[in-house]
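The chain contents come next:
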Amino acid sequence: MDEIVNRVAQSALVSLDLEEIRPEGERVIFDIKDQLFQELVLREKDFRAFVKEHDWKQYRGKHVGIICSADAIVPTWAYMLLTTRFEKYAKTIVFGDLNRLEEKIFEKAIEKLDGEEYRDKPVVIKGCSKESVPMTAYVDITEKLRPIAKTIMFGEPCSTVPIYKKPRQPKRMQ
């Protein structure tokens, strides 16, 4: 009887699960709508008083998206002022909804990722995850790994879709 050999386990494949690099921390949305007069207008004096008195410590360690869900014109400086308060406590700050926030969180995580462990190796970017991984993360990781990895595949080590293969270097004549 032939022995069953797990060729996937014996291969040089390196599996990368984007879910594993997903930073921890609560994701929250701060809606500036609540600071508008009749959900129409931002009054500078009232807004500055709110910014001064609000408990910003509650955002410690959180990822924050700033939005305005009301159909109102909010001056750019208001978002900038909020950012100066959030940045003391929040891990991430974006202008945008939860989707944009998640994209930024992954963008930062991928930037920090040390690509050297993938140099000249066949890499499988895992396709299934329990948590949602934004499409931008797959684009960003492909962009990061393409100049480094020998090959990039998508899926599971036992069933992959080829994405990229580094061209062979011509042998030099001596």
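Nothing here was measured: the structure is a model prediction, and the numbers come from that model.

**Student:** Explain the environment of arginine 27 to me, and be specific about the residues and the numbers.
**Tutor:** Looking at where arginine 27 falls in the secondary structure, it is placed in strand E2 (residues 27–31). Arginine 27 sits in the buried class, given a relative accessible area of 16%. C-alpha of arginine 27 to C-alpha of proline 147: the two residues are 120 residues apart in sequence and 32 Å apart in space. One polar contact links the side chain of arginine 27 to the main-chain carbonyl oxygen of proline 23, over a distance of 3.0 Å. Within the local environment of arginine 27, its side chain forms a polar contact with the backbone oxygen of glycine 25, the two atoms lying 2.5 Å apart.

**Student:** Lay out helix H4 (residues 98–112) with the relevant residues and their values.
**Tutor:** Between its first and last C-alpha atoms H4 spans 21 Å; for 15 residues at 1.5 Å apiece the expected length is 21 Å, and the two agree. The set of residues buried in H4 consists of Leu101, Glu102, Ile105, Phe106, Ala109 and Ile110. Down the axis of H4, the sector holding all buried residues measures 165°, keeping them to one side. At its buried positions, H4 is contacted by E2, strand E3 (63–67), strand E4 (92–95) and helix H5 (135–145). The opening residue of H4, the one whose side-chain oxygen lies 3.1 Å from the backbone nitrogen of asparagine 99, is aspartate 97.

Thresholds, definitions, all that
Residues numbered from 1 in each chain as written. Predicted model: local features only at pLDDT ≥ 70, side-chain atom pairs only at ≥ 80, totals over all residues. Heavy atoms only, no water. Helix = DSSP H or I, 4+ residues; strand = E, 2+ residues; numbered from the N terminus. Buried < 20%, exposed > 50% of the residue type's maximum accessible area, 1.4 Å probe, protein only. Polar contact = N/O pair within 3.5 Å; in protein donor to acceptor, adjacent residues only side chain to side chain. Expected span 1.5 Å × (residues − 1). Arc of directions from axis to C-beta. Contact = heavy atoms within 4.5 Å.

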